[in-house]
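Architecture at a glance
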Amino acid sequence: MKLDNGIAFRPETGAEAWIGLLAARGIDYLFANGGTDFAPLAEAFAKGSAQHWKMPQPVIVPHENLGVAMAHGFTMLTGRAQAMMVHVGVGTANAINGLINAARMQIPILFTAGRTPLTESGAVFGARNNYIHWAQEHFDQAAMLREFVKWDYELRHPEQVGAALDRALAIATSEPQGPVYLTLPREILAAAIAGAPAGERPLLVSATPPAVDPDSLEKVAKLLAAAQRPLLITANAGRTAQASAALAALAKQFAIPVIHYRPRYFALSSEHPMHAGWEPHALLKDADLVLVVDCDVPWLISQANPKPEARVVHIGPDPLFARYPMRSFRTDVALTGLVAPTLARLLERALAHAPGEATLAARRGEVTKRNEAARRQARSGIGSLPPALTAKYASACLNTLQDADTILVNEYPLVLEEMVVCEPCRYFASAPAGGLGWGLGAALGAKLAAPQKTVICAVGDGAYMFGNPTPAHFVSESMKLPVLFVVFNNARWAAVHRSTLGMYPKGAAAQAEVPPFAVLEPSPRFEHVIEASGGYGVQVSEPGELKPALERALRVVREEKRQALVNVRLEASYTKTS
Ligand SMILES: Cc1ncc(C[n+]2csc(CCOP(=O)(O)OP(=O)(O)O)c2C)c(N)n1
Ligand SMILES: [Mg+2]
């Protein structure tokens, strides 16, 4: 086989074939956290470098959870799956939090791990030669993460390298997408292969995405045309620019208010006339048709539900979220299909049954007016300085830093009412699984995918510490990935105490001077952590100093190409944000 840089590629071992084929299959990066299982790969990389093979670029990530978040961040921007390799079972264990997030976000990742050498005697090359090789063996290494990968397998023979890789990638990238897990035993990686392992073309490709059933679509089109108070709720529909455009066209034509509920992407511009904010429960009670578009949790059943005569339609590649053990939101129609083509066809078919344009125009005017008024009321902006730093004011300040080339990565502190984001694929938030420690890595992965963009990462002080800050700042420096990190630091896990207050509003914990299990004092001087990796850090506690501090930090990122961190000392507050 010839690599596409024209160089002949004649791998001699399983490991050599593996890395050559990764590159041949379009994998740019191998996020890596190594151990004794990596020896054949390390040897293959060194040989490949000397012989100018085309290979994925290794990215050394000193914590596995950070590496998975980086792979996630890269793929959420590009749509292209990347690979990761970790050290046997222990490395796998460290990565599971990130893999749960990726699984629930349907992000494909080729996640691999070594296996402790299988053989003991030393007769086979690569056999056990270190005391850890006994204790590190698992009966079933994949068991610990099988629930959160679409497929797992162990390479049993070097001849399988091509087939296993192609099958892994085909499954990961078929809808609904998700991570897969392949284990690579050391003796198999080190073993000689006879002949070429696989060709330039993959043996198999991903399955076509699910196409919507025309009869069910027609039924929904009629429901939409007849609806007087339709409502659309989404969390993930902004995953692609095409899906955003299709949703915007449908919402505008049929005058459908769109709620982004706990959004992981923005499907509509925040200024779109149909953008109806962030809370579904008020509108839900009046709606006669609810379109739930790629949204695992469209409302909280304990808070509000559609009225009995309303119809509820779920739309997405997996509208029942079959991998969730329990999820029983009312469903009259579950339309399986990718968001972009399904909504485009729904618009086309619904137009055939639509009420007169005058009716729609009247509703459009009404919904637009209501949404604009709500937006105005919810926004405070930076006009007046608050007496103490609030998350809302900090969000408003951060909002002023953006331009059309800014990527926002939000591990949840941003108050969305303050954000103006008009372009698709510019806002990314953490997975509904809520595995904290995603933001720093996702932001670095985004920067790796889009080096020309400005990446701003907003995290709480808790999320920052979960995010493995020392490894994250190390990767930023080593890979030249300058990101602006803004830490919304209230010196606590406010969400933890908010939950206690929610269950026991008048209980003992509500009266306690120090909320149990929630306070992180003394708060670390996070601005010093980034300095250890050549970054610029500053702490701000005066409201008037925040905007200039953010602007200065952004200049460091843009002009000096250095990472920067603003440690924003917020007042303690347990108010729920969007
Ligand atoms: C891995 C993990 N551990 C624990 C939690 C539970 N948890 C949810 S929110 C939260 C607090 C996060 O703190 P911070 O980022 O400072 O945000 P704040 O709540 O203060 O706004 C915690 C601990 C989680 N989601 N993920
Ligand atoms: Mg906090």
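Attention here is on the structure that accompanies the text.

About the criteria used
Residues numbered from 1 in each chain as written. Chains lettered and ligands numbered in written order. Predicted model: local features only at pLDDT ≥ 70, side-chain atom pairs only at ≥ 80, totals over all residues. Near = placed C-beta within 6 Å. Helix = DSSP H or I, 4+ residues; strand = E, 2+ residues; numbered from the N terminus. Nonpolar A, V, L, I, M, F, W, Y, C, P; charged D, E, K, R; others polar. Pairing = 2+ DSSP bridges. Axes fitted to C-alpha atoms, helices over the stretch in contact; angles between N-to-C directions. Contact = placed C-beta atoms within 7 Å. Core = buried A, V, L, I, M, F, W, Y, C linked by C-beta atoms within 7 Å. Buried ≥ 20, exposed ≤ 12 C-beta atoms within 10 Å, placed from the backbone. Expected span 1.5 Å × (residues − 1). Parallel < 35°, antiparallel > 145°, perpendicular 65-115°, else oblique. Left-handed = near helix turned anticlockwise from the far one by under 90°. Right-handed = clockwise from strand over helix to strand, strands pointing away.

Structural notes on the site of ligand 1
What surrounds ligand 1 is a group of 17 residues, the closest being Gly460, Gly462, Trp493, Ala494 and Ala495. Those elements that place two or more of their residues in the shell around ligand 1 are α15 (461–466) and α17 (494–503). It is α15 that provides the largest number of residues to the shell around ligand 1, a total of four residues. A class-by-class count of the residues in the shell around ligand 1 yields eight nonpolar, seven polar and two charged.

Notes on the sheet that holds strand β10 (residues 311–316)
Ordered by their spatial adjacency, five strands build an open sheet running β8-β7-β9-β10-β11, and the pairing between neighbours is parallel. Two strands bound the open sheet, and with one partner strand each, they are β8 (258–260) and β11 (333–336). Taken pair by pair, the neighbouring strands of this sheet meet at an average axis angle of 20 degrees, ignoring direction. Both strand β9 (residues 289–293) and β10 contribute to a ladder of five bridges, which runs parallel. Of the residues in β10, the one forming a bridge with Leu291 is Val313. Packed onto the sheet, helix α8 (residues 214–226) meets β7 (230–234), β9, β10 and β11 and runs at close to 125 degrees relative to β11.

Observations regarding the sheet that holds strand β3 (residues 82–86)
Taken together, six strands build an open sheet; the order of strands is β2-β1-β3-β4-β6-β5 and the sheet is parallel. At either end of the open sheet lies a strand with only one pairing partner, and these are β2 (57–60) and β5 (152–154). Neighbouring strand axes in the sheet, compared pairwise and without regard to direction, differ in orientation by 20 degrees on average. Pairing of strand β4 (residues 109–115) with strand β6 (residues 180–185) involves six bridges; the strand directions are parallel.

Digging into the nonpolar core
One finds Leu247, Cys457 and Val486 to be the most contacted residues of the largest nonpolar core, which totals 179 residues. Residues contacting Leu247, with those up to four places away along its chain left out, are Ala237, Ala267, Leu268, Val293 and Leu343.

Quick notes on unusual backbone geometry
A cis amide bond links Glu175 to the next residue, Pro176, at an omega of -15 degrees. Looking at the secondary structure, you find Pro176 in the loop between α6 (161–172) and β6. Cis geometry is adopted by the peptide bond preceding Pro522, which originates at Glu521 and carries an omega value of 0 degrees. With respect to the helices and strands, Pro522 occurs in the loop between α18 (508–511) and α19 (526–531). For Val88, which is not a glycine, the phi torsion comes out positive at approximately 35 degrees. In this structure, Phe517 takes a positive phi of about 60 degrees despite not being glycine. One can find Phe517 in the loop between α18 and α19. For Phe517, a count of 11 C-beta atoms within 10 Å translates into the label exposed.

Regarding α6
Side chains three or four residues apart in an α-helix point the same way, a direct result of the helix having 3.6 residues per turn. Over its 12 residues, α6 extends 16 Å from the first C-alpha to the last, a length consistent with the 16 Å expected when each residue adds 1.5 Å. Residues Val161, Gly162, Ala164, Leu165, Ala168, Leu169, Ile171 and Ala172 constitute the buried set of α6. Buried residues along α6 sit in contact with α1 (14–24), β4, β5 and β6.

A closer look at the packing of helix α13 (residues 391–399) against helix α20 (residues 543–560)
In the contact formed by α13 and α20, the axes pass within 9 Å of each other and the chain directions differ by 30 degrees. Classed by the angle they form, the pair α13 and α20 counts as roughly parallel. When you trace α13 past α20, the crossing you get is right-handed. Only Pro543, Leu546, Lys547 and Leu550 of α20 make contact with α13, whose side of the interface consists of Tyr393, Ala394, Cys397 and Leu398.

A few points about the pairing of strand β15 (residues 484–489)
Counted residue by residue, β15 has six buried out of six residues, so it is predominantly covered. Every second residue of β15 is oriented toward a common face, with Leu484, Val486 and Phe488 on one face and Phe485, Val487 and Asn489 on the other, all of them buried. The sheet contact formed by strand β14 (residues 454–460) and β15 spans five bridges and is parallel. Bridge pairing links Ala458 to Val486 in β15.

Digging into the pairing of β2
Bridge analysis of strand β1 (residues 29–33) against β2 gives four bridges, and the strand direction is parallel. By the bridge assignment, Leu30 is partnered in β2 with Pro58. In terms of handedness, the path from β1 via helix α2 (residues 39–50) over to β2 forms a crossover that is right-handed.

A word on the environment of Phe111
Considering the arrangement of structural elements, one finds Phe111 in strand β4. Spatially, the C-alpha atom of Phe111 lies 15 Å from that of Ile60, the residues being 51 residues apart in sequence. What Phe111 contacts, discounting residues up to four positions off in sequence, is Met84, Ala95, Leu99, Pro179, Val180 and Tyr181.

Section: the packing of helix α3 (residues 64–78) against helix α14 (residues 439–449)
Between α3 and α14, whose axes approach to 6 Å, the crossing angle comes to 45 degrees. The orientation of α3 relative to α14 falls into the category oblique. Handedness of the crossing formed by α3 with α14: right-handed. Between α3 and α14, the contacting residues are Leu66, Gly67, Ala69, Met70, Ala71, His72, Gly73, Phe74, Leu77 and Thr78 on the first element and Leu440, Gly441, Ala442, Ala443, Leu444, Gly445, Ala446, Leu448 and Ala449 on the second. Class assignment of the residues belonging to the contact of α3 with α14 gives a composition of 13 nonpolar, six polar and no charged.

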